[in-house]
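Commentary on secondary and tertiary structure
Next come the chains, spelled out residue by residue.
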Amino acid sequence: PFLENNFNKNIRKLLANLAEIVSLDYQFLEQIAGVKLNSLLISKRKLRIRLNLKKFQKTHIAMQRMLLRLSIKELLGSTRKFDFRHWQEVQDLILNRPDGSVVDLPKRLSVKKQEDKLELYIRKG
């Protein structure tokens, strides 16, 4: 009501339209990211995914986030409990930390940077 009264009486419709557009755009980007993910895969097992780090770094940052989300979804079945600060930790790992560094994330997921690989895996325990 506040937005309708103070900004635009059609705000509900505008937001609904925006939600539909964003949803369709996201679905399309997710399909493209799935193809890109396959091109970056070094190996994929039940509890571990290894990506080519150099190729990963050459992709647009928005695609990098999508690739990480798809990888997490592949390993865990969902991206619940993962938020922007987790992406920032992984980004810092990739850009600033030395080889062998690891970031531990929720749901026992870890991301390790090593030489030319970015490895996502489920910790034992």
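Residues numbered from 1 in each chain as written. Predicted model: local features only at pLDDT ≥ 70, side-chain atom pairs only at ≥ 80, totals over all residues. Heavy atoms only, no water.

**Some remarks on the overall build of the protein**
In plain terms, the rule: Segments assigned H or I by DSSP are reported as helices when at least four residues long, segments assigned E as strands when at least two residues long, and all are numbered from the N terminus. We take the radius of gyration over the C-alpha atoms and set the globule estimate at 2.2 Å times the residue count to the 0.38 power. Burial here depends on accessible area, computed with a 1.4 Å probe over protein chains only, as a share of the maximum for the residue type. Under 20% is buried, over 50% is exposed, and the range in between is partly exposed. Any two residues whose heavy atoms approach within 4.5 Å at even a single point are treated as in contact.
Scanning the protein for helices and strands turns up five helices and five strands. When the helices and strands of the protein are listed from N to C terminus, the series reads α-α-β-β-α-α-α-β-β-β. For a compact globule of 125 residues, the expected C-alpha radius of gyration is about 14 Å, and the protein comes in at 18 Å, more than 25% above that figure. Taken along the three principal axes of its C-alpha coordinates, the protein extends 55 × 30 × 25 Å. In the protein, buried positions account for 31% of the 125 residues. Contacts spanning at least 24 positions in sequence make up 45% of the contacts within the protein whose residues lie at least 6 apart.

**Observations concerning the nonpolar core**
Keep this limit in mind: Definition used in this section: a nonpolar core is a set of buried Ala, Val, Leu, Ile, Met, Phe, Trp, Tyr and Cys residues joined via side-chain atoms within 4.5 Å.
The biggest cluster of nonpolar side chains holds 26 residues, and the ones touching the most others in it are Leu 51, Phe 56, Leu 109, Leu 118 and Leu 120. Broken down by element, this core gets its largest block of residues, seven residues, from helix α4 (residues 61-76). Look past the residues within four positions of Phe 56 in its chain and what remains in contact with it is Leu 40, Leu 51, Gln 64, Leu 67, Leu 68, Ile 94 and Leu 118.

**Concerning the environment of Asp 104**
Here is the rule: Under the rule applied, a polar contact is a pair of N or O atoms within 3.5 Å (in protein, one hydrogen donor and one hydrogen acceptor; residues adjacent in sequence only if both atoms are side-chain atoms).
Structurally, Asp 104 is set in strand β3 (residues 102-104). Beyond its immediate chain neighbours, meaning those up to four positions away, Asp 104 contacts Glu 89, Leu 109, Ser 110 and Arg 123. A polar contact of 2.5 Å, which involves the side chain of Asp 104, links it to the side chain of Ser 110. A distance of 3.4 Å separates the side chain of Asp 104 from the side chain of Arg 123, its partner in a polar contact.

**Some remarks on the sheet that holds strand β4 (residues 109-114)**
Stated formally: In this scheme, strands are said to pair when DSSP sees at least two bridges between them. Note on geometry: axes are C-alpha line fits, over the in-contact stretch for helices, and angles between N-to-C directions span 0 to 180 degrees.
If you walk across this open sheet you meet the five strands as β1-β2-β5-β4-β3, and the pairing is antiparallel. Either end of the sheet is taken by a strand with one partner, and the two such strands are β1 (41-45) and β3. Strand-to-strand twist in this sheet, taken as the mean axis angle between neighbours without regard to direction, amounts to 10°. Bridge count for β3 against β4 is three bridges, and the pairing is antiparallel. Its bridge partner being in β4, Asp 104 is matched across the sheet by Ser 110. Of the strands in this sheet, β3, β4 and β5 (117-122) touch helix α5 (residues 84-96), which is tilted by about 15° from β4.

**Points about the pairing of β1**
The sheet contact formed by β1 and strand β2 (residues 48-52) spans four bridges and is antiparallel. Within β2, the position partnered with Lys 44 by the bridge is Ile 49. Connecting β1 to the next strand, β2, in antiparallel fashion are two residues.

**Section: a nonpolar patch on the surface**
Selection rule: Only residues whose relative accessible area exceeds 30% and that form no salt bridge enter a patch; like-charged residues are grouped when within 9 Å of one another, and nonpolar side chains (Val, Leu, Ile, Met, Phe, Trp, Tyr) when within 5 Å. Only the protein chains shown count as cover for residues, and the accessible areas themselves come from Shrake-Rupley with a 1.4 Å probe. By definition, a salt bridge exists where a carboxyl oxygen of Asp or Glu is found within 4 Å of a side-chain nitrogen of Lys or Arg.
A surface patch of nonpolar side chains, about 630 Å² in accessible area, is lined by Phe 2, Leu 3, Phe 7, Leu 15, Leu 18 and Val 22. Elements with a contribution of two residues or more to the nonpolar patch: α1 (2-6) and α2 (11-40). Looking at the nonpolar patch element by element, the count peaks at three residues for α2. Its location among the elements puts Phe 2 in helix α1.

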